[in-house]
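# Summary of the model geometry
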Amino acid sequence: MTEDFDVRPYLDGLAGGMAGVANVVMQLSHPGVGYGVYESPVESGSAMKHPFKRGRTTATFLAVALLGTDDDKLAMRKAIDGVHKFVRSTDASPVKYNAFDPELQLWVGACLCKGTFDIIEALHGLPDEETQEKLYRHFASFATTLQVRPEMWPEDRAAFEIYWKQQEERISIDDTIRSYLMILMNLGNLPWPLAILGRRFARWANTGFLPQRFREEMHLTWSDKDERRFRSVMRKVGWVSRKLPGPIRLFPINVYLRDLRWRLKTGRRLV
């Protein structure tokens, strides 16, 4: 957290989880990110083979980026770098990529920033412009906790919107990456009881959190009726969230941050 701004009142832990796959879709819509994840040789980080471990790693990164100290962020960056060094394209790859590419990491950070604002808007409505700018500056850590230099982050919300629109025009999801992402949308990487119970809502909610351009790339349909229902459900979720005590509302973000610090203290792997 920055010294003069407390981001915690704007965070919803469990509610934010409803948009997790939507954000993955946005990130992987950049071919370099998409094929970097799809072809990654790091089996321990595979969402298909180890979904719960991958979920823990992702949630821990988000917790550190949002609430961690500089030391937490440095430790997380080093751990992620240890994995990213193996993720680079080969001669057989359809696109060239390198997980250390700061432009690709900037896109990942931008998706997390955009997605977090979308969650806030859907559940509570956006705050005033001054608070939005403070949130935006805070969310720069989504990128700078990776390899993105602070000066690469768009200067303000207006500059970010320009960057986002430019990048949105360049996204492309081919059949290979779309098939991979549809497995995630349908919870096909989870044990079958969880997949069957949660598939319909997960696909619907994540489709709702996707901007239209990304729905089109994924060949997902979304009607006016879906949009009205989505807004109604999210407002109700937001109302419930606002009634919760702070630590419960932050769960599991706060738990994953404690877990990271415990792992550091006991010498365990972070990712």
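These numbers come from a predicted model, not from an experiment. (Residues numbered from 1 in each chain as written. Predicted model: local features only at pLDDT ≥ 70, side-chain atom pairs only at ≥ 80, totals over all residues. Heavy atoms only, no water.)

Next up on the list: the overall build of the chain. Assigned secondary structure in the chain consists of 15 helices and 0 strands. Here the C-alpha atoms of the chain give a radius of gyration of 18 Å, agreeing with the 18 Å that 2.2 N^0.38 yields for 271 residues. Counting only C-alpha atoms and orienting by the principal axes, one finds that the chain spans roughly 50 × 45 × 40 Å. A total of 271 residues make up the chain; the buried ones form 49% of that total. In the chain, the proportion of contacts linking residues at least 24 apart, taken out of those at least 6 apart, comes to 72%. Entry remark: accessible area of the chain is about 14200 Å², with carbon and sulfur atoms responsible for 55%. (Helix = DSSP H or I, 4+ residues; strand = E, 2+ residues; numbered from the N terminus. Rg over C-alpha atoms; globule rule 2.2 N^0.38 Å. Buried < 20%, exposed > 50% of the residue type's maximum accessible area, 1.4 Å probe, protein only. Contact = heavy atoms within 4.5 Å. Areas by Shrake-Rupley, 256 points an atom, 1.4 Å probe, with all protein chains shown as cover.)

Moving on, we get to the confidence of the model for the chain. Residues at a pLDDT of 70 or more form 99% of the chain, whose mean pLDDT is 95. Taken element by element, the chain is modelled with least confidence in helix H1 (residues 13-16), mean pLDDT 87, and with most confidence in helix H12 (residues 212-218), mean pLDDT 98. (pLDDT = per-residue confidence, 0-100.)

Moving on, we get to unusual backbone geometry. Of note, the bond from phenylalanine 251 into proline 252 is cis; its omega dihedral lies within 30 degrees of zero at 5°. Examined against the element boundaries, proline 252 turns out to sit in the loop between helix H14 (246-250) and helix H15 (253-266). Phi at histidine 219 takes a positive value of approximately 60°, unusual for a residue other than glycine. Tracing the backbone through its elements, the reader meets histidine 219 in the loop between H12 and helix H13 (224-243). Residue classification places histidine 219 among the exposed positions, given a relative accessible area of 57%.

Let us look at the side chain of glutamine 27. As for its placement among the helices and strands, glutamine 27 is situated in helix H2 (residues 20-28). Residue glutamine 27 is classed as buried on the basis of its relative accessible area, which comes to 15%. Side-chain polar atoms of glutamine 27 contact the side chain of asparagine 23, separated by 2.8 Å. In this view, glutamine 27 contacts Val33, Trp107, Val108, Cys111 and Leu112; residues no more than four positions away in its chain are not counted. (Polar contact = N/O pair within 3.5 Å; in protein donor to acceptor, adjacent residues only side chain to side chain.)

Ranked by size, the top nonpolar core spans 78 residues in total, and within it Phe139, Leu181 and Phe209 carry the most contacts. Per-element accounting of this core gives the leading share, 13 residues, to helix H6 (residues 102-124). When neighbours within four sequence positions are excluded, leucine 181 is seen to be in contact with Val24, Val25, Leu28, Ile173 and Met218. (Core = buried A, V, L, I, M, F, W, Y, C linked by side-chain atoms within 4.5 Å.)

Where H6 contacts H13, the axes come no closer than 6 Å and their chain directions differ by 85°. The pairing of H6 with H13 is recorded here as roughly perpendicular in orientation. Across the interface between the two elements, Ala122, Leu123 and His124 from H6 touch Phe230, Met234, Arg235, Val237, Gly238, Ser241 and Arg242 from H13. Tallied by class, the residues present in the contact of H6 with H13 amount to 5 nonpolar, 3 polar and 2 charged. (Axes fitted to C-alpha atoms, helices over the stretch in contact; angles between N-to-C directions. Parallel < 35°, antiparallel > 145°, perpendicular 65-115°, else oblique. Nonpolar A, V, L, I, M, F, W, Y, C, P; charged D, E, K, R; others polar.)

What follows concerns the packing of H2 against H6. H6 packs onto H2 with a crossing angle of 145° between their chain directions and a minimal axis gap of 9 Å. Handedness of the crossing formed by H2 with H6: right-handed. Of the residues in H6, those touching H2 at Asn23, Met26 and Gln27 are Trp107, Val108, Cys111, Leu112, Lys114 and Gly115. (Left-handed = near helix turned anticlockwise from the far one by under 90°.)

Residue position: methionine 18 is located in the loop between H1 and H2. Linking methionine 18 and tryptophan 204, residues 186 residues apart in sequence, is a C-alpha distance of 9.7 Å. With sequence-adjacent residues up to four places away left out, methionine 18 is seen in contact with Phe201, Ala205, Asn206, Phe209, Met234 and Val237.

Right, let's talk about helix H10 (residues 175-185) for a bit. Ile177, Arg178, Tyr180, Leu181, Met182, Leu184 and Met185 are the residues of H10 that are buried. The backbone nitrogen of threonine 176 has a side-chain oxygen 3.1 Å away, supplied by the residue at the start of H10, namely aspartate 174. Positive phi appears at leucine 187, one or two residues downstream of H10, with a value of about 60°.

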